[in-house]
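# Fold and geometry: a report
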2 protein chains.
Amino acid sequence: MSTRRATISDVAREAGVSPSTASVVFSGKTPTSADVRSRVLAAAQALGYTGPDPRAASLRRGRSGIVGVVFDQHLGTAFLDPVTTHMMDGLADGVSRLGAALLLLRDDGVTVSEPSLHTAPIDAAVLIGCSPRMRESLEIVRGRGIPVVVVEGDAGEGIPRVLLDNVEAQRTAARHVAALGHRDVVLVTLPIDTSRHRGWIADDARIRVDVTADRLAGARDVFPHAPAMAAATSSIDEGAIAGRAIFADPGRRPTAVIAQSDLLAAGVIRAAEEAGLRVPEDVSVTGFDGVVVDGLAPHVLTTLVQPATAKGRAAGEAVAAMLEDAAPSSLDLSCTFREGTTTAAPPST
Amino acid sequence: MSTRRATISDVAREAGVSPSTASVVFSGKTPTSADVRSRVLAAAQALGYTGPDPRAASLRRGRSGIVGVVFDQHLGTAFLDPVTTHMMDGLADGVSRLGAALLLLRDDGVTVSEPSLHTAPIDAAVLIGCSPRMRESLEIVRGRGIPVVVVEGDAGEGIPRVLLDNVEAQRTAARHVAALGHRDVVLVTLPIDTSRHRGWIADDARIRVDVTADRLAGARDVFPHAPAMAAATSSIDEGAIAGRAIFADPGRRPTAVIAQSDLLAAGVIRAAEEAGLRVPEDVSVTGFDGVVVDGLAPHVLTTLVQPATAKGRAAGEAVAAMLEDAAPSSLDLSCTFREGTTTAAPPST
DNA sequence: TTGTAAGCGTTATCAG
DNA sequence: CTGATAACGCTTACAA
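What counts and how
- Residues numbered from 1 in each chain as written.
- Chains lettered and ligands numbered in written order.
- Predicted model: local features only at pLDDT ≥ 70, side-chain atom pairs only at ≥ 80, totals over all residues.
- Heavy atoms only, no water.
- Helix = DSSP H or I, 4+ residues; strand = E, 2+ residues; numbered from the N terminus.
- Rg over C-alpha atoms; globule rule 2.2 N^0.38 Å.
- Contact = heavy atoms within 4.5 Å.
- Areas by Shrake-Rupley, 256 points an atom, 1.4 Å probe, with all protein chains shown as cover.
- Buried area = accessible area lost by both parts, 1.4 Å probe.
- Salt bridge = Lys/Arg side-chain N within 4 Å of Asp/Glu carboxyl O.
- Nonpolar A, V, L, I, M, F, W, Y, C, P; charged D, E, K, R; others polar.
- Pairing = 2+ DSSP bridges.
- Axes fitted to C-alpha atoms, helices over the stretch in contact; angles between N-to-C directions.
- Parallel < 35°, antiparallel > 145°, perpendicular 65-115°, else oblique.
- Left-handed = near helix turned anticlockwise from the far one by under 90°.
- UniProt positions renumbered as here; feature names shortened; annotations may be inferred.
- Domains from an automatic or database assignment.
- Polar contact = N/O pair within 3.5 Å; in protein donor to acceptor, adjacent residues only side chain to side chain.
- Near = heavy atom within 4 Å.
- Phe/Tyr/Trp six-rings, centres within 6.5 Å; stacked < 30°, edge-to-face > 60°.
- Buried < 20%, exposed > 50% of the residue type's maximum accessible area, 1.4 Å probe, protein only.
- Lys NZ or Arg CZ within 6 Å of the ring centre and 35° of its normal.
- Least-squares fit on C-alpha atoms with pLDDT ≥ 70 in both.
- 1 Å grid on protein atoms, 1.4 Å probe; cavity = no way out; pocket = protein on both sides within 12 Å on 5 of 7 lines; lining within 4 Å.
- Points joined across faces, edges and corners; volume = space filled by probe spheres on them.

## Describing the overall build of chain A
When helices and strands are tallied, chain A shows twelve helices and 13 strands. Its C-alpha atoms give chain A a radius of gyration of 26 Å, more than 25% over the compact-globule value 20 Å for 349 residues. In terms of overall dimensions, chain A has C-alpha extents of about 90 × 40 × 40 Å along its principal axes. Excluding contacts between residues fewer than 6 apart, the proportion of contacts in chain A whose partners are at least 24 apart in sequence is 72%. Accessible surface for chain A amounts to roughly 15,000 Å². Of this, 51% is attributable to carbon and sulfur atoms.

## Some thoughts on the interface of chain B and chain A
The interface is formed by 49 residues belonging to chain B together with 50 residues belonging to chain A. Across the chain B/chain A interface, buried area totals approximately 3,800 Å², and carbon plus sulfur atoms make up 59% of it. On the surface where chain B and chain A come into contact, there are two salt bridges. B:D123 is the partner of A:R55 in a salt bridge, and the nearest nitrogen-oxygen pair spans 3.5 Å. Among the elements of the structure, α4 (54-61), α5 (75-80), α6 (82-96), β2 (101-106), α10 (236-247) and α11 (262-274) of chain B are those that each provide at least two residues to the side of chain B that touches chain A. In terms of residue count, β2(B) provides more of the side of chain B that touches chain A than any other element does, six residues in total. Of the residues contributing to the side of chain B that touches chain A, the split by class is 22 nonpolar, 16 polar and eleven charged. Taken together, the three bridges between strand β2 (residues 101-106) of chain A and β2(B) define a ladder with antiparallel strand orientation. Looking at the pairing, A:L103 lines up with B:L103 of β2(B).

## Points about the packing of helix α1 (residues 8-15) of chain B against helix α3 (residues 34-47) of chain B
All names here are of chain B. Between α1 and α3, whose axes approach to 8 Å, the crossing angle comes to 120°. The pairing of α1 with α3 is recorded here as oblique in orientation. Seen from above, α1 lies across α3 with right-handed handedness. Together, D10, V11, E14 and A15 of α1 and R39, V40, A43, A44 and L47 of α3 make up the contact between the two elements.

## Concerning the UniProt feature "domain: HTH lacI-type" (unreviewed entry) in chain A
If you check UniProt for "domain: HTH lacI-type" (unreviewed entry), the listed places come out as residues 6-61 of chain A in our numbering. In the segment residues 6-61 of chain A, helix accounts for 70% and strand for 0%; the C-alpha atoms at its two ends are 21 Å apart.

## Some words on the domain arrangement of chain A
Residues and elements named next belong to chain A. For chain A, the assigned domains read domain 1 (8-163 + 307-334) and domain 2 (166-306). If you average the C-alpha positions of domain 1 and of domain 2, the two centres end up 37 Å apart. By the criterion of area lost to domain 2, the three top residues of domain 1 are V83, P132 and E152, representing 34% of everything that side buries. Our count for the domain 1 to domain 2 interface comes out at one salt bridge. Notably, a salt bridge pairs R135 with D210, separated by 3.5 Å at the nearest N-O pair. The interface formed by domain 1 and domain 2 contains five residue pairs in polar contact (both at pLDDT 80 or more). Put simply, the parts of the chain that give the side of domain 1 that touches domain 2 at least two residues each are α5 (75-80), α6 (82-96), α7 (132-143) and α12 (308-323). It is α7 that provides the largest number of residues to the side of domain 1 that touches domain 2, a total of three residues.

## Some remarks on the protein's contact with DNA strand D
In the neighbourhood of DNA strand D, 21 residues make up the surrounding shell, with A:T21, A:S33, B:I8, B:Y49 and B:R60 lying closest. In DNA strand D, atoms within 4 Å of the protein come 65% from sugar and phosphate. One of the side-chain N or O atoms of A:T21 is found 2.7 Å from a phosphate oxygen in DNA strand D. A distance of 2.5 Å separates a phosphate oxygen of DNA strand D from a polar side-chain atom of B:Y49. Looking at the surface near DNA strand D, the elements with two or more residues in it are α2 (19-27) and α4 (54-61) of chain A together with α2 (19-27) and α4 of chain B.

## A few points about the packing of aromatic side chains
All names here are of chain A. The full count for this structure, using the stated rule, is three aromatic pairs over all chains. Between F71 and F79 the ring centres are 5.6 Å apart and the planes differ by 50°, which places this aromatic pair in the tilted class. The class for F71 is buried, based on a relative accessible area of 3%. Taking the ring centre of F288 as reference, the NZ or CZ of R215 above it sits at 3.7 Å.

## Some words on the side chain of A:S284
Residue and element names in this part refer to chain A. Along the chain, the position of S284 falls in strand β10 (residues 284-286). There is a polar contact of 3.2 Å between the side chain of S284 and the side chain of H182. Contact partners of S284, with chain neighbours within four places excluded, come to H182, T255, A256, V257, T342, T343 and A344.

## Concerning the pattern of salt bridges
Under the criterion given, the structure shown has 26 salt bridges over all chains. Its salt-bridge partner being B:D282, residue B:R278 comes within 3.1 Å of it at the nearest N-O pair. A network of salt bridges, in which partner residues are shared, links A:D53, A:R55 and B:D123.

## With respect to the relation of the copies chain B and chain A
In screw terms, the move from chain B to chain A is a rotation of 179° and a rise of 0.4 Å along the axis, fitting with an RMSD of 0.3 Å. What we have between these two chains is a two-fold relation. A symmetric contact is evident, with 94% of the interface residues of chain B recurring at the interface of chain A.

## Some details on the protein's contact with DNA strand C
Neighbouring residues of DNA strand C: 22 residues in total, closest A:I8, A:S23, A:R60, B:S20 and B:T21. Sugar and phosphate atoms constitute 60% of the interface atoms of DNA strand C, taking the interface as everything within 4 Å of the protein. In this structure, a phosphate oxygen belonging to DNA strand C sits 2.5 Å away from a main-chain N or O atom of A:I8. Within the surface near DNA strand C, the residues separate by chemical class into nine nonpolar, ten polar and three charged.

## A closer look at the sheet that holds β10(A)
Residues and elements named next belong to chain A. What the five strands build is an open sheet, ordered β7-β8-β6-β9-β10; its pairing is mixed. The two strands at the open ends of the sheet, each matched to only one other strand, are β7 (199-200) and β10. Across the face of the sheet, helix α8 (residues 166-179) comes into contact with β6 (185-189), β9 (256-259) and β10 while running at roughly 170° to β9. The sheet contacts of helix α11 (residues 262-274) involve β6, β9 and β10, and relative to β10 the element is tilted by about 160°.

## Quick notes on the sheet that holds β2(B)
Across the sheet, which stays open at both edges, the twelve strands sit in the order β12(A)-β5(A)-β4(A)-β3(A)-β1(A)-β2(A)-β2(B)-β1(B)-β3(B)-β4(B)-β5(B)-β12(B) with mixed pairing between neighbours. Every interior strand has two partners, whereas the edge strands, β12 (331-333) of chain A together with β12 (331-333) of chain B, have only one. The average undirected angle you get between the axes of adjacent strands in this sheet is 20°. Relative to β2(B), strand β1 (residues 66-71) of chain B runs parallel, the two sharing six bridges.

## Here's the deal with the layout of surface pockets
Volume-wise, the second largest pocket comes out at about 1,700 Å³. In terms of lining residues, the second largest pocket is bounded by 46 residues, among which A:P52, A:D53, A:P54, A:R55 and B:T119 are the most central. Those elements that provide at least two residues to the lining of the second largest pocket are α2 and α4 of chain A together with α12 (308-323) of chain B. Looking at the lining of the second largest pocket element by element, the count peaks at seven residues for α4(A). By residue class, the composition of the lining of the second largest pocket is 17 nonpolar, 14 polar and 15 charged.

Next up, the structure:
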C-alpha cells in the first residue's frame, strides 16, 4: 500500500518502458508489441493502477469528454416532463459517438457555488429551450468559447439549433379543430416567461419563450381571437388548474381547448370531467408532444407527435460535429398530427 | 484576436502582477488589494479571459467538482419514476454545499466509448439501486479509489448507504391489509433482476434487486404464501398488465393486491376497474412510495410514503462528507404509512 | 499582501 | 514500434 496513487510513470518504470509507451498502451493510439503491452498491463495490475487520471488527460488533450446540458429550472421539474426525459435519452445517444457524458447544469441565475456554467469542465453545451435566462447562459458559454447547440430556441447567427415546426404543427391541430366546426376555442399555453406566472395572457403581453410564442402563433393563425391562458409549467396539475378556470362559468364554456402540451391537455380533460363535461362530446381537447400520459386512458389524445428522442439525438450529433470541426448543422424536425379520441364536432346547440 | 486563448499568466503579465497573484484574485483564497484586483480584472477583460481553465485547475487541485450518478437503465426509463426525479433534486441539493455538479452515467454493461465509469473525471459516485449490474459498477469505481455512496442497496462493508426501511414498511401495509380481514392476497413486485422479465415469481426464484427482495420479504412476513407477480418496470402500464393477469379469472380473484410501488398500484386499480371490480369495495390495493400519481383521482392510495427527496439529499451529504474526509455515515430512513381510500374490508361472501 | 518555484499526471511530437 | 522532451494551465507552499 503506497501512500500515493500510482501514476503512469510508476507503471512505466515497473514495466521497464518509457512513460510515453505506457501511455500509448492505454490509449491504443499507436500499435504496440504484444510483449510490451502485456508487461505494462501486468505492471499496472501490480501497482493497482486503473488507467490514466482523467483530469491530467483532459488538461493535456484539451478535452474533458463532458457535454453540459443546461436547464433553466429545477431538475426535478424539468424531468417531470416526459419530453425532457426522451430528449435526454436521445442526447445521450447522440453524444455517445463522441463518447461524452452529460453534465446536468442548472442556471438559476444565482449560482453561488461551483462548478457552474462559468467553471464546469465542459467541451460543449446544450441549452434546452430559450427563455430570457437561457440567453444569459448562452452569453456565458459563448464567452468561454465553448460550442453551443440550442434546442427549441433561436439563438441567433451561427449557433446551430434543433427546431420543431411548432407554428406549422399547432396550426394543423387548430385547423383540425376548426374543421370539426368549433368556433369557441380557448388556448392553454406553456409558460410565457421565466417568472412562470399563470393566468390569462393579455393581448399586448410579451411572450419571451420561443416554444410558447410559436405554438401560440400557430393556433392564432386559425383562431385569431381565442383567449389564451398560460400555465406555470407543463404538468397535468397545471392543466387542471387552467381547465377549472376555463370551465368555471357554465355560461361561457368553450367547445374546444387547444393545449400546448399533452400533460396540460390531460389536466384540462380532468377538469372538464370534474365539471361534468364529457370529452369529446361536450368539449374537444388537443395536446402537443405525443408522449404517453400515464393515467389518461381510455382517452387517446388528439395531438402533435414530436420526435423527442430524435431531437435530443440531433442535438447530440450537432455537438459532436462541432467538436470535430465539422460544419455545425441546424436541423428542423417535424411533428406528426395524430387524431385521437379527444376531439369531435361541437355539441349541436 | 490572438490565435490562442489567454492564460492566467497572460493576464498577470498584462496586469503587471505575478501569476499567483492573478490566481488568487480569481479564487479569492487570499485577500488582495483593491488596486491589484481591479488591474487584474481589467487585464482579463481586455484579453477576453473568462477565468481559470477548469481542466488545469482540477488537475492541480486533484478535484473536478463533479459527482457521478450511476443508473443501470435508460435514463428515460429511470426518470419516468417520480421517485427518481425527487431523489435527483435532493441529490442536487445535497452536493450543492460542496458545489458539485452531477454527471449522468449509464452503466449499460457494454460501454464502448468513453468516458464511462472507468474514465469520467468524478470526485465521487452515487449508485442508484443495487442490481447485479450495479455491483459491477461498484467494483469499477472502488477500483479507481473513488468514494461511493449507494442508495437503496447494500454494498457491503465500509460503503455508506442510504436505506429505506423497506421490509418493515411493507410489513406494516401487509398487516393493515390483514387486519381488515383479507386472506386472499396477491403481490405485485418491482423487477427482480436486470433482465426485467415480468410474470409470476417462482418460489425458488432468486431475487437480485434489493428493494424488490426487501419489500417482498415484508409482505411475506404477513402473507407467507401469497403469490407474487413481477412487473418489468415501475409504471402504471406495467401495473395494469399485472392487474389484468391477476383479475383474468373471475373464479380466482384475490380480495387485495399489495403493489410495490404507487405507479404499479395505480395500474392495478385501473385493471380492476376494467374488470368491473370496485376499489376498495371488491378489491383493496396498496402502493409504495407516496408519490403523486397523475390520473389516480378520486382515489387516494393507501401507501407507504417514502422521503424521496430526503433520500437524495442524504446521499449528497454523505458524498460531501466523504470528500471532506469526515466519517461517511450511513442513514436509514423511514417510510410513513398513509391510509387512503383504496383499502377496506373484503367483500363478505 | 505579493512573488518565486515547483509540480499536478498526461500525451503530442518527433526522432530513432 | 519505442523513447526523450516539452508542454497543457493552473495552484499553493513558502519566502520576501
